[in-house]
Number of protein chains: 2
Amino acid sequence: MLILELTYIECAKALTSLRLGRLACSRDDQPYIVPIYFAYHERHLYSFGMPGQKIDWMRSNPRVCLEADEIINHHDWTSVIVQGRYEEMPDTAQWSLERTLAHELLQHRAMWWEPAYVRTAHLEAESDLTPIYYRIYIDQMTGRRARPDPTDVVDPVTPVTPATASQSESRLKSFLRRLWLSAISASPP
Amino acid sequence: MLILELTYIECAKALTSLRLGRLACSRDDQPYIVPIYFAYHERHLYSFGMPGQKIDWMRSNPRVCLEADEIINHHDWTSVIVQGRYEEMPDTAQWSLERTLAHELLQHRAMWWEPAYVRTAHLEAESDLTPIYYRIYIDQMTGRRARPDPTDVVDPVTPVTPATASQSESRLKSFLRRLWLSAISASPP
C-alpha cells in the first residue's frame, strides 16, 4: 500500500462526493465527536443539527475538526481532515441566502433530514424539533489516499498473494461496496 | 425510525464487535480527529499509532473522545461515543503485561498492523517506524441505536413506502453490507 497526500483541490473534490463525516468540537480541552451529514460548497461544509451538547459546545468554542472518508478496503481508502470554524445561520434576513443555499445543498443528500428530525425514545416535545442550520468555514484541509501497491511487503503475518488474485479480490470488494452504497443511497419509489 | 439509548453493557458489547473508530484529541481547544483501529477490553480501548500529531497532542492532553459506529442504512445504525484518557504503554517491564495483551487483542483485528507500518510517498526512514502502543481508559460511554419504525412518518420529502417493500430493501442492503464486510475482513489464503 502506498499513501499519497492529497492537494487542496483533491481534498475538495473528495468532500464533494462524501456526505457522512465525524465532527469534533472541544470545550475546556475535552474533545467530543458526533457523526454528521454535510454538503461541501465553496470552502464551507453545510449541515444542521438539533439543539444539544454539540451545538452548545460549538457556540462556546467555534474551532472544530471534521474527518470524512471512503474506505473500500484497508489498502484502498481516502480520508480528508478539515480544521475550521463553526458559523451558525439563524433564521434572519442576514442569513436568508445562506439558509436557502444550505437547504438546496442538503436536499441532494438522501439522508439530509435525519436523524435530526426523528423522535427519540424519550419522545421529546414538538417545540424542541427546530433544527439549527450551521456551516463550517474551512481554515485548513489535508487528505490522504491509500492505493494497493503490489511491490510493498506490508504484512509480516500474512503472505503476499499474487497480484492477479489480489486484484480480483479488490475488484470484488469494490463491486460489493458500490452495490451496497447504491442500494442505501437509492431513493425509495 | 426510533432511536434508543444504549446501556453501558450494550455499549461495551457494541465496541467488542467494532474495530474502526474516529479518535479526537484536543490542544488549546482545537480538536483533531483521526481514524484508528482499536480493540475493546475491560473498560479500555487498545490501539497503536506512529509518532506524529495525534500522539504528541494526546501526550500533552490525555483527554480524548472516540466514536465508533455500524451503519447498515440510515434507519438502522448503532453509534457509541467514549470519553476517556490516553495511557501510553512504553516498552518497559512495568507495561510488559499490557503490551502483550494489546498485541493479542489487536491480532484479532485483520487490519491491526495498518496503516501504521506502511511506507508513505515520502519514504520515511526505517528508524521512524516504531509504533507507539497506547490504550484509552473509558471514563464515560454513551450509545444510540436506530431501528426502523414503520409507524413513523419521518420524511416530509419522500413518501413512506409499504413496510414489506422497505423490509425487503433493508434485508438486501444488510446482506450486501455483510457480504462486503466479510470480503474485506477475510484473510488472504
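Within each chain, residue numbers correspond to sequence positions counted from 1 in written order. The naming scheme follows written order: chains are lettered A onward, ligands numbered 1 onward. Whole-chain, interface and lining totals are the exception, using all residues; otherwise, since this is a predicted model, local features are given only for residues with pLDDT of at least 70 and side-chain atom pairs are given and counted only at 80 or more. Heavy atoms throughout the structure, all of them, feed into the side-chain values; hydrogens and water do not.

Caption draft 1: Highlighting the pattern of salt bridges. Salt bridges are defined by distance alone: a side-chain nitrogen of Lys or Arg within 4 Å of a carboxyl oxygen of Asp or Glu. Following the criterion strictly, the structure yields 16 salt bridges over all chains and no others. Measuring nitrogen to oxygen at the nearest pair gives 2.6 Å for the salt bridge that ties D139 of chain B to R85 of chain B. With D139 of chain B in strand β8 (residues 132-147) and R85 of chain B in strand β7 (residues 76-88), the pair connects residues that are 54 residues apart, well separated along the chain. A residue is classified by how much of its surface remains accessible, and D139 of chain B, at 34% relative accessible area, is partly exposed. Residues joined by salt bridges that share partners form a network here, namely R22 of chain A together with E67 and D69 of chain B. Helix and strand labels come from DSSP, where a helix needs a run of H or I of at least four residues and a strand needs a run of E of at least two; each type is numbered from the N terminus. Burial here depends on accessible area, computed with a 1.4 Å probe over protein chains only, as a share of the maximum for the residue type. Under 20% is buried, over 50% is exposed, and the range in between is partly exposed.

Caption draft 2: Inspection of the pairing of strand β2 (residues 20-27) of chain B at higher detail. All names here are of chain B. In terms of residue burial, β2 counts as a mostly covered element, since six of its eight residues are buried. At least two DSSP bridges between two strands are required for those strands to pair. The pairing of β2 with strand β3 (residues 30-37) spans eight bridges and is classified as antiparallel. Considered in β3, the bridge of R27 is made with Q30. Counting the residues that bridge the hairpin from β2 to β3 gives two residues, and of these D28 lies at a positive phi of roughly 50 degrees. The pairing of β2 with strand β6 (residues 63-73) spans three bridges and is antiparallel. Looking across to β6, one finds that L23 is bridged to L66.

Caption draft 3: Representation of the packing of aromatic side chains within the structure. All names here are of chain A. Think of it this way: a Phe, Tyr or Trp ring, Trp meaning its six-membered ring, pairs with another when their centres are within 6.5 Å, and the plane angle makes it stacked under 30 degrees, edge-to-face over 60, tilted otherwise. Evaluated as defined, the whole model comprises six aromatic pairs over all chains. When the ring of Y32 is compared with that of W57, the centres are 5.6 Å apart and the planes differ by 50 degrees; the resulting orientation is tilted. Here Y32 is found in strand β3 (residues 30-37), whereas its partner W57 is found in helix α2 (residues 53-60), with 25 residues between them in sequence.

Caption draft 4: Main features of the nonpolar core. With 64 residues, the main nonpolar core has L15 and L45 of chain A together with L15 and L45 of chain B as its most contacted residues. It only takes one pair of heavy atoms within 4.5 Å for two residues to be counted as in contact. Excluding anything up to four places from it in sequence, L15 of chain B contacts F38, Y40, L45, A68, V80, V82, I138 and M141 of chain B. We call a set of buried residues a nonpolar core when its members are Ala, Val, Leu, Ile, Met, Phe, Trp, Tyr or Cys and they connect through side-chain atoms within 4.5 Å of each other.

Caption draft 5: Representation of helix α3 (residues 96-107) of chain B. Residues and elements named next belong to chain B. Given a rise of 1.5 Å per residue, twelve residues ought to cover 16 Å, and the 17 Å separating the end C-alpha atoms of α3 matches this to within 8%. What α3 keeps buried is the set E98, R99, A102, L105 and L106. Along the axis of α3, the buried residues cluster in a sector spanning 125 degrees; they form a single face. Considering only its buried residues, α3 is in contact with β4 (39-41), β5 (44-49) and β8. Multiplying 1.5 Å by the helix residue count minus one yields the expected span of that helix. Throughout, the arc means that of the directions going from the helix axis to the C-beta atoms.

Caption draft 6: Fine view of the side chain of Q30 of chain A. For Q30 of chain A, the position within the fold is in strand β3. Using a relative accessible area of 14% as the deciding quantity, one classes Q30 of chain A as buried. A polar contact is formed between the side chain of Q30 of chain A and the backbone oxygen of V64 of chain B, at a distance of 3.5 Å. Setting aside residues no more than four positions away along its own chain, Q30 of chain A makes contact with C25 and W57 of chain A together with R63, V64 and Q83 of chain B. By the criterion applied in these results, polar contacts are pairs of N or O atoms within 3.5 Å in which, for protein atoms, one can donate a hydrogen and the other can accept it, and in which residues neighboring in sequence qualify only through two side-chain atoms.

Caption draft 7: Fine view of the confidence of the model for chain A. In this model, chain A carries an average pLDDT of 80, and 68% of its residues clear a pLDDT of 70 or more. As scored by the predictor, the complex reaches a pTM of 0.74 and an ipTM of 0.72. Each residue carries a pLDDT score, the predictor's own confidence in it, on a scale running from 0 to 100.

Caption draft 8: Inspection of the environment of E67 of chain A at higher detail. Here E67 of chain A is to be found in strand β6 (residues 63-73). With a relative accessible area of 0%, E67 of chain A lands in the buried category. The sequence separation of E67 of chain A and L15 of chain A amounts to 52 residues, and the corresponding C-alpha distance is 9.8 Å. The residues contacting E67 of chain A, other than those within four sequence positions of it, are G21, R22, S79, V80 and I81 of chain A together with R22, I33 and P35 of chain B. Within polar-contact distance, the side chain of E67 of chain A engages the side chain of S79 of chain A at 2.9 Å.

Caption draft 9: Here's a closer look at helix α1 (residues 8-17) of chain A. Residues and elements named next belong to chain A. Within α1 the residues assigned to the buried category are C11, A12, A14 and L15. Each buried residue of α1 lies within a common arc of 160 degrees when the element is viewed along its axis, so the set occupies one face. Those residues of α1 that are exposed and aimed more than 90 degrees away from the buried face are I9, K13 and S17. Contact partners of the buried residues in α1: β4 (39-41), β5 (44-49), β6, β7 (76-88) and β8 (132-147).

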